[in-house]
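Observations on the three-dimensional arrangement
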Amino acid sequence: GQQLNQSPQSMFIQEGEDVSMNCTSSSIFNTWLWYKQDPGEGPVLLIALYKAGELTSNGRLTAQFGITRKDSFLNISASIPSDVGIYFCAGQALGAQKLVFGQGTRLTINP
Amino acid sequence: DAGITQSPRHKVTETGTPVTLRCHQTENHRYMYWYRQDPGHGLRLIHYSYGVKDTDKGEVSDGYSVSRSKTEDFLLTLESATSSQTSVYFCATAPGVGYNEQFFGPGTRLTVL
């Protein structure tokens, strides 16, 4: 099935660094979602985006809905140990009942 | 938090046995979904439901069936489990009105020996 191209696949950073990841699609989406998954748990919704160009923050997390509607970006500022996990993007087309997921970005933080 | 529970949380079974996983939600969400998560494959949709008794297939539906007899429960059945169905299974729900974000349950780890 269709999948989003999420990059990078993994990141190894130092505590306190900023993080950037993105998702791209060949199709237009009307909704972009960003999830975080901790080991042994289900994905948790971090940020939802509904308009092209929209920039939304949730604490140290900021996500943007790309102008072309084919991409989205997630930034984490001043990373801390609890940011470790897998981050997934997901897109939803207008009227669609299903989400299309990226493969995830695994974030590892060295203290 | 959409108030989603999954049972059992862990199960080990043998090849050829039937297995049923249960998803229960308390938010009166219209849509419910079953995914499997495997290394290298991310989240893949198995089946979903858009209302009581209304279900449809996802991208990896072979070997699975579902039922939804009431709004709050969505059952996933493996009629005859195979080793390739060893995975972590997640249930998700979505309101079905307005913005339609999906909220995930805690997952069920299934091992088929």
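For the structure itself, consult the block above.
Read on for a plain summary of the structure. What you are looking at is a predicted structure, and each value in this text was computed from that prediction instead of being measured.

**Here's the deal with the state of the cysteines**
Going through the model one piece at a time under the given rule, you end up with two disulfides over all chains. The disulfide that involves Cys23(A) links it to Cys89(A), with 1.6 Å between the sulfurs. Between Cys23(A) and Cys89(A), the S-S dihedral sits near -80 degrees, and the bridge is therefore left-handed. In this pair, Cys23(A) is assigned in strand E3 (residues 19-24) and Cys89(A) in strand E9 (residues 85-92), connecting sequence segments 66 residues apart. Considered together, Cys23(A) and Cys89(A) belong to a single accessibility category, that of buried residues. Through a disulfide, Cys23(B) is tied to Cys91(B); the S-S separation comes to 1.9 Å. Judged by the sign of its S-S torsion, about -70 degrees, the bond between Cys23(B) and Cys91(B) is left-handed. Of the two residues, Cys23(B) is situated in strand E3 (residues 19-25) and Cys91(B) in strand E9 (residues 87-94); the sequence distance between them amounts to 68 residues. Accessibility classification places Cys23(B) together with Cys91(B) in one group, the buried group.

**Some points on the layout of surface pockets**
Each pocket or cavity is described by its volume, and for the largest pocket that value is around 710 Å³. Around the largest pocket, the lining comprises 34 residues; the ones closest to its centre are Gln37(A), Ile86(A), Arg106(A), Gln37(B) and Pro39(B). Those elements that place two or more of their residues in the lining of the largest pocket are E9 and strand E11 (105-110) of chain A together with strand E4 (31-38), E9 and strand E11 (108-112) of chain B. Looking at the lining of the largest pocket residue by residue, the class counts come to 10 nonpolar, 18 polar and six charged.

**Observations concerning the environment of His24(B)**
All names here are of chain B. Relative to the assigned elements, His24 resides in strand E3. Through-space distance from the C-alpha of His24 to that of Gln6 is 6.3 Å; in sequence the pair is 18 residues apart. Once residues within four sequence positions are removed from consideration, His24 is found in contact with Gly3, Ile4, Thr5, Glu72 and Asp73. Within the structure, the side chain of His24 is placed 3.3 Å from the side chain of Arg22, a separation counted as a polar contact.

**Some thoughts on the pairing of strand E8 (residues 71-76) of chain A**
Residues and elements named next belong to chain A. Pairing between E3 and E8: six bridges, direction antiparallel. Bridge pairing in E8 links Met21 to Leu74. Here strand E7 (residues 61-65) pairs with E8 via five bridges, running antiparallel. Bridged to Leu61 within E8 is Ile76. Linking E7 back to E8 in an antiparallel pair, the connection comprises five residues, with Arg69 at a positive phi of about 70 degrees.

Rules behind the numbers
Residues numbered from 1 in each chain as written. Chains lettered and ligands numbered in written order. Predicted model: local features only at pLDDT ≥ 70, side-chain atom pairs only at ≥ 80, totals over all residues. Heavy atoms only, no water. Disulfide = S-S within 2.5 Å. Helix = DSSP H or I, 4+ residues; strand = E, 2+ residues; numbered from the N terminus. Buried < 20%, exposed > 50% of the residue type's maximum accessible area, 1.4 Å probe, protein only. 1 Å grid on protein atoms, 1.4 Å probe; cavity = no way out; pocket = protein on both sides within 12 Å on 5 of 7 lines; lining within 4 Å. Points joined across faces, edges and corners; volume = space filled by probe spheres on them. Nonpolar A, V, L, I, M, F, W, Y, C, P; charged D, E, K, R; others polar. Contact = heavy atoms within 4.5 Å. Polar contact = N/O pair within 3.5 Å; in protein donor to acceptor, adjacent residues only side chain to side chain. Pairing = 2+ DSSP bridges.

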